[in-house]
Amino acid sequence: MTEIYLDANATTAVLPAAIDAAARAMKECFGNPSSSHATGIRAKTLMSQVRQRAARLLGAGDGRLMFNSGATEGIQTAVLSALCALRERQSAGQRIGKFLLYGATEHKAVPESLMHWNRLLGLNLELKKLPVDQDGQHDLEALRLLAGDAALVCTMAANNETGVISELAQIEAVLQQSGSDAYWLVDCVQALGKMQLDLAATRIDYATFSGHKLYAPKGVGMLYVRPGAPFTPLIMGGGQESGQRSGTENMAGIAALGAVLGALEDGVTFRSHQQLHGFRARLVASLRLAFPDIVFNQPLEKTLPTTLNFSVPGLASKELLDLFDAAQLRVSSGSACSAAKSAPSYVLDAMQLPLWRSSSAIRMSFGPLADDAFISAACARIEHCGLAWRQGAAAAPSAAADPVVRFNLDGVNAWLVADDASRSCVIIDPSSLLAPRLAAYVRNHGYQLRAILSTKALPMQDNARCELARALGSDAEPGAGNDAFGWPAPDSSELMLGERKFLCKRQSEHQAYLLGSAGEEPFAPHFAFIGELPAAAIESTLIEPDTLLCPAHDETGRLCTSLRAEQNPAHEESASGMHLEAAALAQFLAAHPGALLVDVREAYEHAAGMTSAPGQTVLHVPLSRLASHLSLWLRGAPVPLVFFCRSGNRSDKAVACLRRLGYRNAWHVSGGLALGNPVLRLDYPKAA
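Now for a quick tour of the structure.

What counts and how
- Residues numbered from 1 in each chain as written.
- Predicted model: local features only at pLDDT ≥ 70, side-chain atom pairs only at ≥ 80, totals over all residues.
- Heavy atoms only, no water.
- Buried < 20%, exposed > 50% of the residue type's maximum accessible area, 1.4 Å probe, protein only.
- Helix = DSSP H or I, 4+ residues; strand = E, 2+ residues; numbered from the N terminus.
- Polar contact = N/O pair within 3.5 Å; in protein donor to acceptor, adjacent residues only side chain to side chain.
- Contact = heavy atoms within 4.5 Å.
- Phe/Tyr/Trp six-rings, centres within 6.5 Å; stacked < 30°, edge-to-face > 60°.
- 1 Å grid on protein atoms, 1.4 Å probe; cavity = no way out; pocket = protein on both sides within 12 Å on 5 of 7 lines; lining within 4 Å.
- Points joined across faces, edges and corners; volume = space filled by probe spheres on them.
- Nonpolar A, V, L, I, M, F, W, Y, C, P; charged D, E, K, R; others polar.

**A short note on helix H19 (residues 626–635)**
Move 1: For H19, a buried count of seven out of 10 residues is recorded, marking the element as mostly surrounded by other parts of the structure.
Move 2: Along H19, the residues that are buried comprise Leu626, Ala627, Ser628, His629, Leu630, Ser631 and Trp633.

This is how it looks when you write it as structure tokens:
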């Protein structure tokens, strides 16, 4: 199955013509444009031709247009230029505005640059967000009230997460009508090749561009400066770019950018706006077919035709990312610069969207080079992902003595304990953000919810417990004969779940729940759900040294612990040396013929792209179900276990947990499936 790349707003592949142009520049036009000999003159001529082409496409007129490393440098240069001019005016006793005003949905490079240079230059101006409405459009009334006191205004041409197109003409009209003399910076990164630009016809002072957002290589971009706008070089030295940006020019990058601009000029290479709108409509239709409850987080009629942003009730963005990636469909959870941070989207938060949408959003974006065949393949893959999700959600639990499932979001755990014989379950410590996922899981598996337990006393109208009970039509709703912890048997300390038994143990203001086999005498709990209690606070007389302690919070990804692990920090150190590079995996397996490979990806990922290893046994144990298998491994013979996942992150956590619990025969494959591996093979359904 070939990779389908739908993350063009983060970066794009390089246009073949741009690669050829860069290669020619390195071979035939490698001279330094500052040199006066013929080789240097040829390089300078090439650079001038690309600059002229860019000026035509952008309508730059008499404005400056300089090459740089990309939009982040351009933003730094523009902010520095504006703030230096403001400081000079302030020193001369002239009035300047008191606000550095920026759109609430701006790329983080803008407010962080404003903060940085404002501090270094000692201006002490106030950074102020310009709010946006629920469609992501700037609040023009708020701008009207603030414009007179603004020293610098920063907005985007189109948002990188949602594709929402800013009303630049209306913003300009407000600035004009208010008599504002504020400088105006516009981030045009997502606009290049997707919007018509005529910069000289506007009062925009600075506009920034990055080549890698439109099929040029990384490391090359442009900055437009309006005639008369102040300018201060960010980089001083050799005086290149007419003294505007020192440093020998990136001729290969400039040549490649020139080829992309040439493709824009020819009107043939890239798809028309009408075609792009048609492509997006097809993607929307497939997404709705795959995920019927999908919600789009932007008004499609006001956005770039190449960008979609959506959320699916009951699915976290991490789950969707893993699902799509298992099917080799590359999307993102927002801006690539902040995607590694586990947090709701600040862009969607600024649009006042519900928290579940901002914390579970996915961005899907393509470039104007897309064609009909690419979109058809993408639609088929999206529909395959929807099918894989439904198959994975309904998959039978993997064999384990204790079917315990962990749900986690931003370090908050909820636990579900199921009994398949009676098709019943108990949920412990749900949160409002996890409630939709828990409800969907219970419905998909046909479980009857017996109880919703909390490890601390909660109000009877606790949101998460009420939402879950009502969504599932359960009598576990608070107040229905349950105590403040949700315990459904106030007159007993026991709760039976099939052949397993819960005991509740009150500790101060908390309540712990012990789970073990009902037939064991004396009772020996396999699990203790301890909530926010520290492990050291659990009475050792209640549990065994190796009872798995399951917390309500897990910000560091430790999964589970035990009293033995907490009392023996040396086990933490044993995690060093647990990493296997991909190239060493075959050699390791040959030296350990009894080793088992363990795929810790979730069931829906497995349905989207199964794994096999010819000649090796591969177990599928999702990380969310790892706790169910830990007790089996810890009590059994120490078989060598080699864990893997998509990127190596989850398998790393699994092995660290096992080793911390005292199981030394555990390793994981660094980099996971993403780096490719001669031993591990991904198999996809033919229909995909």
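**Regarding unusual backbone geometry**
Move 1: Its identity as a non-glycine residue notwithstanding, Asn124 has a phi of 55°, on the positive side.
Move 2: In this structure Asn124 comes out as exposed when scored by relative accessible area, which is 68%.
Move 3: The backbone of Asp429 sits at a positive phi, close to 60°, despite the residue not being glycine.

**Focus: the side chain of Asn9**
Move 1: Considering the arrangement of structural elements, one finds Asn9 in the loop between strand S1 (4–5) and helix H1 (16–28).
Move 2: Here Asn9 falls in the buried class, since its relative accessible area comes to 1%.
Move 3: A distance of 3.0 Å separates the side chain of Asn9 from the backbone oxygen of Asn160, its partner in a polar contact.
Move 4: Setting aside residues up to four positions removed in sequence, Asn9 forms contacts with Asn160, Gln190, Lys194, Lys213, Thr307, Arg363 and Ser365.

**Regarding the packing of aromatic side chains**
Move 1: Enumeration according to the criterion identifies 11 aromatic pairs in this entry.
Move 2: Taking the centre distance of 5.8 Å and the plane angle of 15° together, the rings of Trp487 and Tyr513 count as stacked. Here Trp487, found in the loop between helix H14 (463–471) and strand S17 (494–497), pairs with Tyr513, found in strand S19 (residues 510–517); they are 26 residues apart in sequence, far enough to count as distant. Just as Trp487 is buried, Tyr513 falls in that class too.
Move 3: A connected cluster of aromatic rings, assembled from ring pairs, spans Trp415, Phe502, Phe527 and Phe529.

**With respect to helix H9 (residues 317–326)**
Move 1: Of all 10 residues that make up H9, nine are buried, and the element is covered over most of its length.
Move 2: Among the residues of H9, Ser317, Glu319, Leu320, Leu321, Asp322, Leu323, Phe324, Asp325 and Ala326 are the ones counted as buried.
Move 3: Gln328 occupies a position one or two residues after H9 and carries a positive phi of about 60°.

**Section: empty space enclosed by the protein**
Move 1: Counted under the stated rule, the structure contains three cavities of 30 Å³ or more.
Move 2: Of the voids in this model, the largest cavity is the one considered here, and its volume is about 100 Å³.
Move 3: Every residue lining the largest cavity is listed: Val312, Pro313, Gly314, Leu315, Ala316, Trp356, Ser359, Ser360, Leu409, Leu433, Pro436 and Arg437.
Move 4: Split into classes, the residues belonging to the lining of the largest cavity amount to eight nonpolar, three polar and one charged.

Any link to function would need more than the numbers given here.
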